[in-house]
Amino acid sequence: MKDYQYHIFSPYRVCPLGAHVDHQHGLVTGFAIDKGVDLWWTPSGSPCLGGEYPENHVHLESRTFEGTVDFDIDAPSQVKEGHWGDYARGAKFALRKRFELKRGITGVIQGSLPVGGLSSSAAVLIAYVMAFAKANDITLQPFEVVKIASEAEREYIGLNNGLLDQACIALGKKDGLLFLDCDSNDWRIIKRNPDMPAFEIGIFFSGLTRSLVNSDYNLRVYECKTAAWNMLAYTEQPLKTFDKTFLRDIPKATFEKTRIAMPQRFARRAEHFYSEYRRVRQGVTAWETGNLKLFGKLSFDSCESSIHNYECGSPELIAIYEIMRQLPGVYGGRFSGAGFKGACIALVDPSFKDSIEEVLTKQYLEEFPEYEKTFQVFWVRPDDGARFV
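On a plain count of helices and strands, the protein comes out with 10 helices and 13 strands. Residue pairs in contact within the protein that sit at least 24 positions apart in sequence constitute 71% of those at least 6 positions apart. Averaging the positions of the 45 positive and the 50 negative side-chain charges in the protein gives two centres separated by 4 Å.

Right under this line is the structure:
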């Protein structure tokens with residue numbers, strides 16, 4: 001590694017409860033984990049490394065993807081190029097709406113796990129936002145980083161996400177669970193109960209990679225909003241513009257009155273939202289009291305609703321979920337990320353790790369032998385959020 005001036009570690013995240021509801025202003029939970037993205041960098045124009053490029057220039061290399069990225073930090077963001085450099089341009093785009101940027105960075109970025117299901121895109125965006133801010137002497141509070149990175153992903157990358165991914169990555173703590181209300185943006189870290197049994201987090205990569213912008217992710221967001229519009233229309237309430245319409249603003253009693261009248265596709269999306277809201281509430285109480293068994297069961301129930309009500313999950317992910325659900329030592333788990341390809345996560349008793357990995361790998365590859373070279377299992381723990389190392 002060259003002698004770069006700064007090193008940012010931006011962790012990946014997992015969300016045990018609160019699936020597919022952040023964009024409808026629901027309740028979510030999550031952990032930052034001890035694998036993630038490393039960005040080593042120096043302000044451009046500095047002596048030694050950064051001196052190779054003018055002060056206003058951004059030059060990035062990747063140890064994960066091909067090619068290099070070059071652009072000027074003080075110029076307007078151009079259209080997306082469909083390249084890993086879009087995330088750096090997106091971070092610049094969102095920061096330039098708020099601040100004057102004069103100084104770029106020279107650096108190299110590397111991810112520590114395969115892409116898919118752990119919000120690697122959000123981790124990368126947060127690393128760039130932190131680096132560009134530091135290079136330009138801009139002080140950001142952690143939740144400002146969350147909002148700027150989320151805006152970059154929505155408005156530049158084109159993914160209609162909420163704040164869940166960025167909040168876990170920026171705010172996470174290794175000894176607690178993040179609980180975030182995506183309506184008020186109130187959040188807290190719920191310390192781990194000392195009576196809670198030990199656990200680790202298993203990450204089971206299906207071997208299938210995915211891009212959320214090209215999946216049904218955005219379609220599901222629109223379906224949720226359409227369900228909300230249906231409810232408002234059926235009850236003779238004024239409609240808001242689509243961008244200001246959220247299921248969180250509509251009482252569950254209104255849903256119970258109107259669900260039979262709307263197309264079942266939209267009713268199922270709303271059912272997922274309201275049932276997940278209840279599960280997160282119950283899960284927070286379970287976590288606070290150290291009841292990992294109940295917390296895990298609620299995570300399994302969340303995945304069931306993701307399959308049947310939200311209708312996401314490839315055959316590969318559903319197979320992993322159904323196998324792990326039966327295994328001793330698995331407290332609970334669900335699809336990670338959007339659940340269209342990617343990975344499953346599970347909270348497990350560490351003493352069962354070896355048998356879980358062995359049995360799950362054997363049974364999954366019997367069903368999907370074509371992923372023999374790409375299926376992978378990783379074991380991680382909760383960690384602190386994005387930081388300078």
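This paragraph deals with the nonpolar core. The tendency in soluble globular proteins is for nonpolar side chains to be buried as a group. One finds Tyr 128, Phe 132, Ile 201, Ile 203 and Phe 204 to be the most contacted residues of the largest nonpolar core, which totals 122 residues. By residue number, the principal contributor to this core is helix H2 (residues 120-135), which donates 13 residues. Beyond its immediate chain neighbours, meaning those up to four positions away, Tyr 128 contacts Leu 39, Leu 60, Trp 84, Tyr 87, Ala 88, Ala 91 and Ile 109.

Most peptide bonds take the trans form, and the phi angle of most residues other than glycine is negative. Even without being glycine, Glu 236 reaches a positive phi, approximately 60 degrees. The residue Glu 236 is located in the loop between helix H5 (217-234) and helix H6 (252-258) in this model. The phi dihedral of Glu 311 is positive, around 55 degrees, even though this residue is not glycine. Its location among the elements puts Glu 311 in the loop between helix H8 (292-308) and helix H9 (315-325). Overall, the relative accessible area of 32% leaves Glu 311 in the partly exposed class.

In total, this model carries 25 salt bridges according to the counting rule given. Arg 259 is the salt-bridge partner of Glu 271, the closest N and O atoms lying 3.1 Å from each other. Taken together, the positions of Glu 271 in helix H7 (residues 264-288) and Arg 259 in the loop between H6 and H7 put the pair 12 residues apart, joining distant regions of the chain. Relative accessible area serves as the criterion here: at 28%, Arg 259 is assigned to the partly exposed category. Here the residues in one salt-bridge network are Arg 220, Glu 223, Arg 265, Arg 268, Arg 269 and Glu 311, joined through shared partners.

A few words on the pairing of strand E2 (residues 27-43). Burial runs high along E2: 15 of the 17 residues are buried. The pairing of strand E1 (residues 6-14) with E2 spans eight bridges and is classified as antiparallel. Its bridge partner lying in E2, Tyr 6 is registered against Trp 41. The pairing of E2 with strand E6 (residues 176-181) spans four bridges and is antiparallel. Paired with Thr 29 across the bridge in E6 is Phe 179. In this sheet, strand E5 (residues 105-111) lies alongside E2 in antiparallel orientation, the contact comprising seven bridges. The residue of E5 that forms the bridge with Thr 42 is Thr 106.

The rules behind the values
Residues numbered from 1 in each chain as written. Predicted model: local features only at pLDDT ≥ 70, side-chain atom pairs only at ≥ 80, totals over all residues. Heavy atoms only, no water. Helix = DSSP H or I, 4+ residues; strand = E, 2+ residues; numbered from the N terminus. Contact = heavy atoms within 4.5 Å. Lys, Arg positive; Asp, Glu negative; His and termini not counted. Charge placed at Lys NZ, Arg CZ, Asp CG, Glu CD. Core = buried A, V, L, I, M, F, W, Y, C linked by side-chain atoms within 4.5 Å. Buried < 20%, exposed > 50% of the residue type's maximum accessible area, 1.4 Å probe, protein only. Salt bridge = Lys/Arg side-chain N within 4 Å of Asp/Glu carboxyl O. Pairing = 2+ DSSP bridges.

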